[in-house]
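Chain by chain, the residues:
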Amino acid sequence: MDLIAQGYGSSSDSEDSSSGKPAKVAKITSTSLQVNGAPDVSLEDPMYARHIYTNPTDTTLSVNLDYDSMVQPVQGPVNPFASKTQEVRKNVWTGHVEENMFSENDFRTQQQSYAAFGFAKDPSVLSVADNGQTGSGKKGSGFVGDIDRAKEMDGATIWDKVPKHLRNNQNQKKRQTRGDPSVLEGDNAYRGPWATFEGDGIGEISGPTEEERDVHDKQREAAAEEKLARNKATPAKAVANGSETTVFHGKEEHDYMGRTYMHVPLDLDVNLNGEPGTQTCFVPKKLLHTYTGHSKGVSAIRYFPKSAHLLLSGSMDSKIKIWDVYHDRKVLRTYLGHSKAVRDVNFNNNGTEFLSASYDRNIKLWDTETGQCKATFSKKTIPFVVKFNPDEDKQNVFLAGCSDHKVYQFDTRSGDVTQEYDQHLGAVNTITFVDDNRRFVTTSDDKSLRVWEFDIPVIIKYIAEPDMHSMPAVAISPNQKWLACQSMDNKIYIYNAKDRVSQNRKKLFGGHMVAGYACQPSFSPDGRYLSSGDSEGNMWIWDYKSCKVHKKFKAHDEVVIDSAWHPHETSLLATASWDSNIKLWV
C-alpha cells in the first residue's frame, strides 16, 4: 500500500506538480520476501503523460488527441491463427473504408485516365509513396493499375499532352481525302464532306466470297440431310385399345391368406387406418430410400387413398408403376398402355381404380389390383389433368382438363361426355374440388382462376388480375379451407376455398425458382408446413403460420416436379423428379 500512496502522491505532491517539478518515486528495498496484493498501477504522473492510448476500434473520443497519439502503431500481442483478412481493421462488413476528401473534378479526371491509359493515382491519404505524395499505390509508386505505363507516361492524365507514340489512337482509321472537285469518278473522285474512313468499304459491292459460299452450301446440304433423316424416324406407335399389358414384379400375387398388395399391412408401428393429421408433423432430415425403375423423368406421384401403403407414379417413359412404401420398398406392378409420356394419375376414393392421362391424347381407366385397362377415353386433345369426383355416389364421374381450353366430364359406365366447361382461353392445368365437392376450381394458361358449380357449365367466380401469372399447380390444405397455388412468378399464393374464393394477401411464400415448371406444392397432414420443389432440384419447406422458410435441402439432380406427405407418418415425404428417381425422406 506504500507503493500506491507514493505512486498517487499526497497533497504536497500535488503542490510540487503544480510548481512544474515531477513527483519523485521512492525506492523500495526489501530484505525479506513479502506478498503484495495491491494491483500494479502506473507511476507516471498523468499530468505529464506523453501519450493517450486508445483502442483501434473506438469511434468516439472524449478528449482531443495530438497527432503523435493518433498515428502511433497498434500495440499488443498478435493472433498467430488470424488470417490476413482478419488482421484488417474493418469498419464495414466487407472491409475497411477510408473516408477521404476528393473533389468531383479530380475523381472524374482519375476515372477517365484509368479508362484511357490503365492507371490512376492512389487516392488514399493514410499511406505515402516513395516520392512523398499521399497514396502509396503499387510498390510505392503512388499509382494503381499499370504502373509500368504510368512511369512511361510520367503519370499523365487525360488533360496532359502525351507523345504521339504513347497515344491510344494509333490504330484509328484514317479518313479519306476530299478528292478533286473536277474529277467525278475514279480514285481521286470528289468526296467532299462525305469522305469515309479507310477500310469501311462504303460504296463497294459487298457479299460473301467464294469460300464463304462453299461453306454455306455445305452447311445447308448437311441440314437438309439431317432434316430428311429426322422425318424418316418412325414415330411411337399408338397402343390399340384392348392391347394394354401389365407386369407383376413380385414373387407371388397372393400371400398364404389369398391377400394381394392391396391389403393394408398391420405389422407396422404406425396405424395406417387411423385419421390423417392427428399426429404432429416434423421436417424430414435424411434420405430413407430411392426408387429407381423409370427410364425418364417422373411427372406425378400419388399415395394410395387413406392408408398410403402404396405409391403410384406416372413417368415420361409412358409407364405407370406402383411401389411398396413399407417392407421391401420395390416396384410391385407396371402398367403398359400409353405410347407417350404420362402427364397425370389419380385414384378413386377406395383405390381400386385409377385414371392416367397421357400426351397420346388418351385417358385410361386401370384396375389397380389386376392391372387390367377397363376403358379408354379420348377427345382428340391432350389431357393435362384428370380428377375423380370425391363424392361416394359419383365415383363413376371424373373431370379432365385439356389443351383445347375445355374441361370434360366423363361417365366411366357409358364412356360418354356428360358435360363440357368451355370458358377458359388457354389449356386447363388443374382441377380442385372445394366446398364439400359442390364446386371445383380450375386454373389455366390464360392466367386466370375460375370457380364452377359441379355439373353446371357456368362460371360463378372469375379471378384474373393484371399482375397475375399462370398457376399450373394447386394443392388444397388438409382442413379443406385453403388453396396453395404455384405461380410462375416464383411465388405460392393462398386462396380461400370456402364460400367466397378470394386471395389471402397475408400469406405469400417465395424464395424458390419455379418459372417454367409446374412444381406441385404439398401440405403436411397437420397443416403446419407447406412444401414445394424447384427447378434446381431443391426441396423447400415453409412454416405455414409465419410464411418463413423452415428448411431447404438438395433433393434431386434435376427439377423436383412433385412432392407428397404421408398422411399417417410424422415426417415421411416423397419427392419425384425429372432425373427419373423417386425418393423418400424422413
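Residues numbered from 1 in each chain as written. Predicted model: local features only at pLDDT ≥ 70, side-chain atom pairs only at ≥ 80, totals over all residues. Heavy atoms only, no water.

Student: Would you explain the environment of Lys394 in this entry?
Tutor: With respect to the helices, strands and loops of the structure, Lys394 is situated in the loop between strand S13 (383–388) and strand S14 (397–402). With sequence-adjacent residues up to four places away left out, Lys394 is seen in contact with Asn389 and Phe454. (Helix = DSSP H or I, 4+ residues; strand = E, 2+ residues; numbered from the N terminus. Contact = heavy atoms within 4.5 Å.)

Student: How do you make sense of the sheet that holds S13 when you look at a structure like this?
Tutor: Two modes of strand pairing occur in sheets, parallel and antiparallel, and in both the strands are linked by backbone hydrogen bonds. The four strands are arranged S13-S14-S15-S16 in an open sheet whose pairing can be described as antiparallel. Looking along the sheet, the strands with just one partner apiece sit at the ends: S13 and strand S16 (417–421). The mean inter-strand angle of the sheet, taken between neighbouring strand axes irrespective of direction, is 20 degrees. As judged from the four bridges shared by strand S15 (residues 407–411) and S16, these two strands associate in the antiparallel manner. Residue pairing for S16: Tyr408 is matched across the bridge by Glu420. (Pairing = 2+ DSSP bridges. Axes fitted to C-alpha atoms, helices over the stretch in contact; angles between N-to-C directions.)

Student: Quick question: what am I supposed to make of the pairing of strand S26 (residues 529–533) here?
Tutor: Along a regular strand, successive side chains alternate from one face of the sheet to the other. Counting buried positions over the five residues of S26 gives five, a clear majority of the element. The side-chain alternation of S26 yields two buried faces, one formed by Tyr529, Ser531 and Gly533 and the other by Leu530 and Ser532. When strand S25 (residues 522–523) meets S26, the two strands line up antiparallel, connected through two bridges. Each bridged residue has a counterpart across the sheet, and for Ser522 the counterpart in S26 is Ser531. The turn linking S25 back onto S26 is made up of five residues, and Gly527 within it adopts a positive phi angle of 80 degrees. Across five bridges, S26 lies against strand S27 (residues 538–543) in antiparallel orientation. When the bridges of S27 are listed, Gly533 appears paired with Met539. (Buried < 20%, exposed > 50% of the residue type's maximum accessible area, 1.4 Å probe, protein only.)

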